[in-house]
Each structure stands twice: as C-alpha cells, then as structure tokens.
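Residue strings, one per chain:
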Number of protein chains: 4
Amino acid sequence: MSSRSRTFTWEDPKASALKGQTMSGLDYLKAMSTGELPPPPIFHLLGIATMIANEGLVTMELPIGEYHYNPIGSVHGGVAATILDSVMGCAVHSLLPVGRAYSTLEIKINYLRPMTEALGTVIAEGRVINAGRKAAFAEGKLVDARGKIYATGSTTCAIWDI
Amino acid sequence: MSSRSRTFTWEDPKASALKGQTMSGLDYLKAMSTGELPPPPIFHLLGIATMIANEGLVTMELPIGEYHYNPIGSVHGGVAATILDSVMGCAVHSLLPVGRAYSTLEIKINYLRPMTEALGTVIAEGRVINAGRKAAFAEGKLVDARGKIYATGSTTCAIWDI
Amino acid sequence: MSSRSRTFTWEDPKASALKGQTMSGLDYLKAMSTGELPPPPIFHLLGIATMIANEGLVTMELPIGEYHYNPIGSVHGGVAATILDSVMGCAVHSLLPVGRAYSTLEIKINYLRPMTEALGTVIAEGRVINAGRKAAFAEGKLVDARGKIYATGSTTCAIWDI
Amino acid sequence: MSSRSRTFTWEDPKASALKGQTMSGLDYLKAMSTGELPPPPIFHLLGIATMIANEGLVTMELPIGEYHYNPIGSVHGGVAATILDSVMGCAVHSLLPVGRAYSTLEIKINYLRPMTEALGTVIAEGRVINAGRKAAFAEGKLVDARGKIYATGSTTCAIWDI
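Attention in this report is confined to the structure presented alongside it.

Conventions we followed
- Residues numbered from 1 in each chain as written.
- Chains lettered and ligands numbered in written order.
- Predicted model: local features only at pLDDT ≥ 70, side-chain atom pairs only at ≥ 80, totals over all residues.
- Heavy atoms only, no water.
- Helix = DSSP H or I, 4+ residues; strand = E, 2+ residues; numbered from the N terminus.
- Rg over C-alpha atoms; globule rule 2.2 N^0.38 Å.
- Contact = heavy atoms within 4.5 Å.
- Lys, Arg positive; Asp, Glu negative; His and termini not counted.
- Charge placed at Lys NZ, Arg CZ, Asp CG, Glu CD.
- Salt bridge = Lys/Arg side-chain N within 4 Å of Asp/Glu carboxyl O.
- Polar contact = N/O pair within 3.5 Å; in protein donor to acceptor, adjacent residues only side chain to side chain.
- Nonpolar A, V, L, I, M, F, W, Y, C, P; charged D, E, K, R; others polar.
- Buried < 20%, exposed > 50% of the residue type's maximum accessible area, 1.4 Å probe, protein only.
- Least-squares fit on C-alpha atoms with pLDDT ≥ 70 in both.
- Phe/Tyr/Trp six-rings, centres within 6.5 Å; stacked < 30°, edge-to-face > 60°.
- Pairing = 2+ DSSP bridges.
- Axes fitted to C-alpha atoms, helices over the stretch in contact; angles between N-to-C directions.
- Expected span 1.5 Å × (residues − 1).
- Buried area = accessible area lost by both parts, 1.4 Å probe.

### Topic: the overall build of chain A
Stage number 1. The number of helices and strands found in chain A is 4 helices and 7 strands.
Stage number 2. Reading chain A from its N end, one meets helices and strands in the order β-α-α-α-β-β-α-β-β-β-β.
Stage number 3. Since a compact globule built from 162 residues should have a radius of gyration of about 15 Å, the 16 Å found for chain A is in line with a globular shape.
Stage number 4. Its C-alpha atoms give chain A principal-axis dimensions of about 50 × 30 × 25 Å.
Stage number 5. If you take every contact in chain A between residues at least 6 apart in sequence, the share linking residues at least 24 apart comes to 63%.
Stage number 6. Of note, chain A has its 14 positive side-chain charges centred 5 Å away from the centre of its 14 negative side-chain charges.

Printed below as a string of structure tokens:
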C-alpha cells in the first residue's frame, strides 16, 4: 500500500482567543511563539514550524510536505494563501493594543512560480504598509532559503474597538 | 488534557497527476469524485467531503471543524481561500481537453462574514466566466446550507499546450 | 495634422459633495442622474453618458472613444477600472442613509477580453453583495450591448457614521 | 457661472501602436518619454506629465486636478487605478524584446489614504517582480513628493510571441 498518513494535535482555540483579548496583539503573538500559549489549530494543520513576531512584521517558516499537494502535482495554491494570510493578518494584529480587534476583509495572492517538495522549507513574511483607525493594509511574500520569491500577497483588514 | 488530534491519509499525488495528463480535465475530476482515482492530499488535509464536477462548474462540500481555527476564535481565512482556489481551479481544469494544462496565476478572496463551527458544512462553488486560448477566469462563492454567502473569490489561470 | 482634441466641462465637486452629506446615498445619486445636481468631474473626464441608480445596484453607460486608448492599440485598463470602481462604489453609496459615509478600500479588476472603439457603448453594472456595519462588498461587470463580458470587478468599502 | 473646462489633444494611437510592434518595449517607451513618438491618448486624458522608463521599472508624475474628483469630494479611485495600471503595465512592456507582446489580465489596487488637490503632484512607480515565459507580475505604488504612500497595486500580465 502506498497510503501516507499524518497526525496533528491542537488545543482548544477559543480558550486562547479569549486570553488574547486581554493582551496586546504583539504580546499574544509572542506568547504563541514561545509556547506560553498554544498556537491556533491552523498552524498545526498547515505544519507551520516557527513564527517570529515584531511590530508590524511577522515571519513564519513552513516545511513543504507531500500532504500540501494539489491534483496537478505541485503545492496547492491554498497553502501559500493560508500562510500569507497568516503572516499578513498577524502583522496587523501585532500593532493592536488591548481593546482593539481586527478581521480580514480580503486577500489577494499572486503565484509567481510553482512550489514542490524539493524547496524544503519556505519562509513567509508579512509587513504592515499602513494602519489607520478603521483599516490596515499589509503585504506579504513567500520565499525559499535563497530569497527567491514564489508568491506575493496583499490584504485589507478592518480594525475596531472591542 | 484538552488536546485534540486528527489523522488523515492520502495517496501518492504524483502518480495521479501523471495519469491526469492522459485524461481530459473533466474525466480526471470525475474519476476523483467517484474514487476511481485518489483525491489529492490537500482534499484530505482540509477535510473536503465531496466534489461534483461539471463543465466549467465545480462544487465541493466542507464540514467545518475546530482544526480550521485561527488565533482569534474563528475559521482561518486560509480555509476559505483554499477551497475557493480548489473549486475555481478545478472549474477551469474541467474545460481542458487532453494535452492542455493550467496553472493559477492569482486569486482574490473577499471575506463577507466570519465563519465558525456552528455553520456545519459549507459549500464552495467555482464557475468559469471566460476561457480563452492563453488564460481563463473563474469566480467562486462559499455559502452555508441556506445559501448565505461567507466569502467570494476570483481567479486568473494560465492555459497552454503540454 | 492628425491631432485630435476633446473638451469637457464640470462644476465645483466640493459643493455637490457637501450637499450629498445631507442626503441619503440613493437620493444623491438620483439627483445626479436627473441633472438636479451636477455629476462629478470624473464622469465628464471619462465620458460616462448615463447613470441609473437603484438600491444596491447601479449601472452606467460609456461610449468608447479613441481618447480611451493605451500605448498598445486598445482601450486602457484604467477605463474599465474607473467605471467599475464608479458603479461598485455608487452601489454601496446607494444603500447609505443620511449620516453614513463610505470610502473604497480596494478594487480588483479582471480583464477578460480587449476592448476597442468598435464596441460602441459599453455598460457597467455594480451590485452590492453584502453590506455590514463597518464594511460593504460589491461586484461589477462590464458588458457590451449583447451582454458579452469584457471585465469584472470586486471591491471592499469601509462604512461609518459621519 | 462656476463651470470649469479642460481641453486635451492627442495623436492617432493606432499609428504609434503599430510602430511599437517593430521596437523593443523599452525603446518604444523611451521614444514616448522624449516625444519622439506621441504618448497614448490616456496619458493626455489623465494628465500624466512625465514618464521615465527603465528596464522593469517605470515612473510617472501626475499633477492632481479638480477634474479627477469623485462624487464624495476626493480624487476618484479610478485615477490611482489608471496610473498604477500604466506604470505596472509599462514596467512589464519595458522587458519585452521585439516580437513579444503583453496584455493585462488583472489589477488590484489598495487605497491607503484619500487624495485631494492639496497633494499637488503624485508619483507612480511600477516594478516587475517576476517575468516568466507566459506571464509577468508587477507591483506599484503611488506616493506624494515626501514619499507618503496613497495607493498600492499589483498586476498579472500575459506575455506571448506575436
């Protein structure tokens, strides 16, 4: 049999999200980076290995696996979309003080080159371009270890007082 | 302990992709729907339950799970992006005869409403708007059982002779 | 000499915009349709001939001219972007009561087919997909007299109390 | 009477476009910059004052005028879309040798801040991120004289042999 299998585990995401509402975005993300708080399920689902959060700039590493593949023999576009959405959304989150929340209104992803397992680990970087009172804009890119770009992204987030 | 766990399995995606190159897109997708060919790993990763492929129109069902959650207590935007990318890309694929291939150049996703587990199963629909010689355009939407829209998408794909 | 020339006129846009703040969006757009209030300069710049505004649905007609051309012998992509931005933004505006305002956060335009003068007049339609408390989403399409689609668009707008 | 008026002139765009097909993209753009060949009508329509073309990087200056205004008292989003589409498309064009052509498949524009006449002249910059055999990707930004960003853009272009 040629079947492959993968098991992943996660913690209750609602408990973490509630704690997150009492922290600044940056503190919350740092607590997840260090393992003080459990990362969200999507990180385990996708296989995100590390996250580094700074003010307005978040990077994540993702080891590419066969389980990321689409029907046409390469990494599914949703993988790049998911990790770029993550780093861009977290970059916006990293700028929010306690009492402010955000949600993503839209993302756009451009696929510059196909990705395969041969890439090993890819790095996603999200950066805030402008954060106003009601909206924030961020951009992202997905590169390999040598800095070659595979995908780019842009996003608009709504921001408000809780 | 509050840890949750999920295990999924898949078959070698390169073997299927190679077979797919000898079939029309619609035949290939139908073979995956019926189980004649194994669905790609991403379907198992995300948890896609069913796919129905017609010419230029593909729908998929996804039961929402806690493992789809983001750091802020709702379904991660990458989930909608991944399934919308899937139905839109497959809708383009469904129009290609043997000897033609496609790749996704870009997607854009709008998030109209937050999604939670309470939704149960959501349905994604992808529809080709125009397919030319070098490019195809498709649109998609993600709705609940009552037809309420949670996300919309648009995509551009490159098309060429293998 | 082969030079061509075009002259257009407009009224003070700030005066109209101020009046608009005392009216519902639909009343304001209808007043511009009927000529009770002057249309904005951009309508004259682009050459928009007619506007019909309904709740959440706005259409405009644009006679294509040589003055819309780009450096590669067809209608510039900015023309479709401008009229689609107009019908989508106005569709959102048409749903706002007095005391509410909007601004456009992003647009995405897909170019399905090239446009030339031979098309005569094209029709742009903008339609609201969802309008919440903080954001509204609309889609648009640009068709010829026979309904053939040349471009599609999607937009996200911020909405707030003045 | 408070009516304002503007007159602009242009040359036959099809004649230039035909000449362009016998030149590299960069030579063609440079010839338009220096006035050796007439700029396309859209440049005159919008009011683009200058263009500087380099390999994969094109900038244009636009003095903002009242004639660019929308119905809600600021510069219409189509103005940023049109100039960003121009610099991004021309940046792609600048990389094409004789015998290769391009067309724009899609643009996405994010509006970071509103623009008014008080800005004076804005500068749009388009830069190619990746140019392959069948597709090219470019990004753009619109800034004021001090570098403050008002809008960003991304685009996908198809490329082919004539």
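### Let's talk about the interface of chain B and chain D
Stage number 1. In this complex, chain B contributes 7 residues to the contact, which on the side of chain D involves 7 residues.
Stage number 2. Viewed at the interface, chain D and chain B are joined by 0 salt bridges.
Stage number 3. For the pair chain B and chain D, the interface holds 0 residue pairs in polar contact (both at pLDDT 80 or more).
Stage number 4. Only β4 (100-111), β6 (135-143) and β7 (149-161) of chain B provide two or more residues apiece to the side of chain B that touches chain D.
Stage number 5. Classifying every residue of the side of chain B that touches chain D by side-chain character gives 4 nonpolar, 1 polar and 2 charged.

### What to know about the environment of Asp27 of chain D
Stage number 1. Assignment of secondary structure puts Asp27 of chain D in helix α2 (residues 25-34).
Stage number 2. C-alpha of Asp27 of chain D to C-alpha of Ser94 of chain D: the two residues are 67 residues apart in sequence and 7.9 Å apart in space.

### Considering the pattern of salt bridges
Stage number 1. In the structure shown here, the tally under the stated rule is 27 salt bridges over all chains.
Stage number 2. Residues Glu106 of chain C and Lys108 of chain B are paired through a salt bridge, measuring 2.8 Å at the closest nitrogen-oxygen approach. Here Lys108 of chain B lies in strand β4 and Glu106 of chain C lies in strand β4 (residues 100-111), a pairing that spans two chains.
Stage number 3. Overall, the relative accessible area of 0% leaves Glu106 of chain C in the buried class.
Stage number 4. Classification of Lys108 of chain B by relative accessible area gives buried; the value is 1%.

### So, the side chain of Ser94 of chain D
All names here are of chain D.
Stage number 1. Counting through the fold element by element, Ser94 comes out in the loop between α4 (77-93) and β4 (100-111).
Stage number 2. Given the relative accessible area of 4%, Ser94 is considered buried.
Stage number 3. Side-chain polar atoms of Ser94 contact the backbone oxygen of Ala91, separated by 2.6 Å.
Stage number 4. Setting aside residues up to four positions removed in sequence, Ser94 forms contacts with Gly25, Leu26, Leu29, Asn54, Glu55, Gly56 and Leu57.

### Things to note about the relation of the copies chain B and chain D
Stage number 1. Superposing chain B onto chain D takes a rotation of 180 degrees plus a shift of 0.0 Å along the axis, which leaves an RMSD of 0.0 Å. Overall, the copies show the geometry of a two-fold rotation axis.
Stage number 2. Same-surface contact between copies: 100% of interface residues of chain B are shared with the interface of chain D.

### Section: the packing of aromatic side chains
Stage number 1. All told, the structure shown has 14 aromatic pairs over all chains when counted by the stated rule.
Stage number 2. Note on Trp10 of chain C and Tyr67 of chain D: the rings are 6.1 Å apart at their centroids and 50 degrees apart in plane angle, and the pair reads as tilted. With Trp10 of chain C in strand β1 (residues 4-10) and Tyr67 of chain D in the loop between β3 (57-63) and α4, this pair bridges two chains.
Stage number 3. Residue Tyr67 of chain D is classed as buried on the basis of its relative accessible area, which comes to 11%.
Stage number 4. Through successive ring pairs, a cluster of aromatic residues spans Phe8, Trp10 and Tyr67 of chain A together with Phe8, Trp10 and Tyr67 of chain B.

### Here we look at α2 of chain D
Residues three or four positions apart in an α-helix share a direction because the helix packs 3.6 residues into each turn.
Stage number 1. Residues of α2 of chain D that are buried: Gly25, Leu26, Tyr28, Leu29, Ala31 and Met32 of chain D.
Stage number 2. Within two residues after α2 of chain D, Gly35 of chain D carries a phi angle of roughly 90 degrees, on the positive side.

### Some thoughts on the sheet that holds strand β5 (residues 121-131) of chain D
Stage number 1. One open sheet holds the 12 strands; their spatial order is β2(C)-β3(C)-β5(C)-β6(C)-β7(C)-β4(C)-β4(D)-β7(D)-β6(D)-β5(D)-β3(D)-β2(D), and the pairing between them is antiparallel. Looking at the sheet topology across the chains shown, the edges are occupied by β2 (50-54) of chain C together with β2 (50-54) of chain D. For this sheet, the mean inter-axis angle between neighbouring strands, taken without regard to orientation, is 20 degrees.
Stage number 2. Helix-sheet contacts for α2 of chain D involve β2 and β3 of chain D, and the interaxial angle to β2 of chain D is about 155 degrees.
Stage number 3. On the sheet, α4 of chain D packs against β4 of chain C together with β3, β4, β5, β6 (135-143) and β7 (149-161) of chain D and is oriented at approximately 145 degrees with respect to β4 of chain D.

### Some thoughts on helix α4 (residues 77-93) of chain B
Stage number 1. Compared with the 24 Å implied by 1.5 Å per residue over 17 residues, the 24 Å span of α4 of chain B between its first and last C-alpha is a close match.
Stage number 2. Counting buried positions over the 17 residues of α4 of chain B gives 17, a clear majority of the element.

### Some words on the relation of the copies chain D and chain C
Look at the two chain copies: a rotation about an axis and a shift along it is all it takes to match them.
Stage number 1. Overlay of chain D on chain C (RMSD 0.0 Å): rotation 180 degrees, translation along the axis 0.0 Å.
Stage number 2. In this assembly the copies share their binding face: 100% of the residues contributing to the interface of chain D also contribute to that of chain C.

### Concerning the interface of chain D and chain C
Stage number 1. Counting from both sides, the interface comprises 48 residues of chain D and, opposite them, 48 residues of chain C.
Stage number 2. Summed over both partners, the interface of chain D with chain C buries about 4300 Å², with 60% contributed by carbon and sulfur atoms.
Stage number 3. At the boundary of chain D and chain C, one finds 6 salt bridges.
Stage number 4. The partner of Lys14 of chain D in a salt bridge is Glu117 of chain C, and the shortest N-O contact between them spans 2.9 Å.

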